[in-house]
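These are the residues of each chain, in order.
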Amino acid sequence: MDISSVLQGGYQHPLSRKWQAKRTLTKEMLMYPIFITDDPDAHVDIPSLPGQSRWGINKLEGFLAPLVKKGLKSVILFGVPLTCPKDGKGTPADDPEGPVILAIKLIRKLFPSVYIATDVCLCEYTSHGHCGILHDDGTINSVPSADRIAEVALSYAKAGAHCVAPSDMMDGRIKTIKRALIDNGLGNKVTLMSYSAKFASSLYGPFRDAAGSAPSFGDRKCYQLPPNAKGLARRAIQRDVGEGADIIMVKPAMPYLDIIADAAELAPDYPLAAYQVSGEYAMIVAGARAGVYDLKTMAFESTEGILRAGCTLILTYFTPQFLDWLDE
Ligand code: PBG
Ligand code: ZN
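Everything numeric in this text was worked out from a predicted model, so none of it was measured.

Here we take up the UniProt feature "active site" (unreviewed entry) in the protein. Mapped onto this structure's residue numbering, the UniProt feature "active site" (unreviewed entry) falls at Lys198 and Lys251. Across 54 residues of sequence, these annotated residues stay compact in space, with a maximum C-alpha separation of 4.8 Å. Lining residues of the largest cavity drawn from the annotated set just named are Lys198 and Lys251. Tracing the backbone through its elements, the reader meets Lys198 in strand β7 (residues 191-198). Setting aside chain neighbours within four positions, we find Lys198 in contact with Ser167, Met169, Tyr204, Gln224, Leu225 and Lys251. For Lys198, the side chain forms a polar contact with the main-chain oxygen of Ser167, separated by 2.9 Å. With respect to the helices and strands, Lys251 occurs in strand β8 (residues 247-251). Look at Lys251 and you get buried, because its relative accessible area is 8%.

Below, the structure written as structure tokens:
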């Protein structure tokens, strides 16, 4: 064999295989999405998201304490209002007695080391289930939408969130939120993570079950990106960098690794997040249950792909399992 044909000598040992990575998963890279509901005593399993639950505020300590002990560093909170009246502008989103604001305050108090991000969107709180404010004809009304999203983000920031993460995809919301944070003395205290390249994906199904946030009519195609859209995704990433985002996110992760690589190239000086969404998690778990592969091996393979593409943090429902697996 020709000298230059032989590669196997370079990765025949478990350790030399590890050295092939530019970046390896650590606990610091994991952000755990959790669902907080308005029944304070709830612990309700979500059938389409096996192993995940909706939690009431009174159950958070028991739920999170063992994870924090294992090295949980950050969470992203999603509110699931089940009893409150919803309206056109998502009034309950920033109710001071609502589950997200209560959870921010409680987690800060109970677990001061935990970094708290909050998803910011209206769909869980609007009567129509869309992510913004609508005109009478059902189309998006962009300016009031961005203003309302910024108002909600500011409320979460004031309640003590370390990071606000708008997932609504309304035009102009990043700059509106950044302005609101700065004008309220929080510009240097709160991180703005933009769901920049968020695609209109089939993989959000279990999340919409979990959060009760499916739109009551139409779909989200006029604000979430078409799955075929590489150019639009690149423009969205560049726009959000220009509007003051501190972290860029690509979502979902696995079918969009090329977009992650593009984001790493377009925004090399920023942390880059990927959201391994509910449908990706459910798919990986279902495949393991069907005997297609070993769950842990596949979960690691999925994150290795995401890191290889260029991410520096991953939002994943596998976080509790990774905290165990990374200790093995
Ligand atoms: C709502 C939101 C969604 C997700 C995060 N925030 C769903 C959607 O846009 O319909 C998806 C997360 C997941 O599937 O895990 N703006
Ligand atoms: Zn939404």
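Text resumes after the structure shown.
By secondary structure assignment, the location of Ser74 is in strand β4 (residues 74-80). Judged by relative accessible area, Ser74 falls into the buried class, the value being 7%. Only 3.3 Å separates the side chain of Ser74 from the backbone oxygen of Leu30, close enough to count as a polar contact. What Ser74 contacts, discounting residues up to four positions off in sequence, is Leu30, Met31, Tyr32, Val114 and Tyr115.

In terms of residue burial, strand β1 (residues 30-37) counts as a mostly covered element, since eight of its eight residues are buried. Neither face of β1 is left uncovered, since the one carrying Leu30, Tyr32, Ile34 and Ile36 and the one carrying Met31, Pro33, Phe35 and Thr37 both have all their residues buried. By the bridge criterion, two bridges tie β1 to strand β10 (residues 313-316) in an arrangement that is parallel. Pairing of Met31 across the sheet is with Leu315, part of β10. Pairing of β1 with β4 involves seven bridges; the strand directions are parallel. Looking across to β4, one finds that Ile36 is bridged to Gly79.

As a further point, take the site of ligand 1. Near ligand 1, the surroundings consist of 18 residues, among which Lys198, Arg208, Lys251, Ser278 and Tyr317 are the closest. Between Arg220 and ligand 1, the recorded distance is 2.9 Å, taken from a side-chain N or O atom to an oxygen atom. In this structure, an oxygen atom belonging to ligand 1 sits 2.7 Å away from a side-chain N or O atom of Ser278. Against a free-state accessible area of 400 Å², the protein chains account for coverage of 100% of ligand 1. With respect to the pocket detection grid, ligand 1 is positioned in the largest cavity. When the residues that make up the shell around ligand 1 are grouped by side-chain class, the tally is ten nonpolar, three polar and five charged.

So, how was this worked out
- Residues numbered from 1 in each chain as written.
- Chains lettered and ligands numbered in written order.
- Predicted model: local features only at pLDDT ≥ 70, side-chain atom pairs only at ≥ 80, totals over all residues.
- Heavy atoms only, no water.
- UniProt positions renumbered as here; feature names shortened; annotations may be inferred.
- 1 Å grid on protein atoms, 1.4 Å probe; cavity = no way out; pocket = protein on both sides within 12 Å on 5 of 7 lines; lining within 4 Å.
- Helix = DSSP H or I, 4+ residues; strand = E, 2+ residues; numbered from the N terminus.
- Contact = heavy atoms within 4.5 Å.
- Polar contact = N/O pair within 3.5 Å; in protein donor to acceptor, adjacent residues only side chain to side chain.
- Buried < 20%, exposed > 50% of the residue type's maximum accessible area, 1.4 Å probe, protein only.
- Pairing = 2+ DSSP bridges.
- Near = heavy atom within 4 Å.
- Areas by Shrake-Rupley, 256 points an atom, 1.4 Å probe, with all protein chains shown as cover.
- Sits in = over half its atoms within 2 Å of the grid points.
- Nonpolar A, V, L, I, M, F, W, Y, C, P; charged D, E, K, R; others polar.

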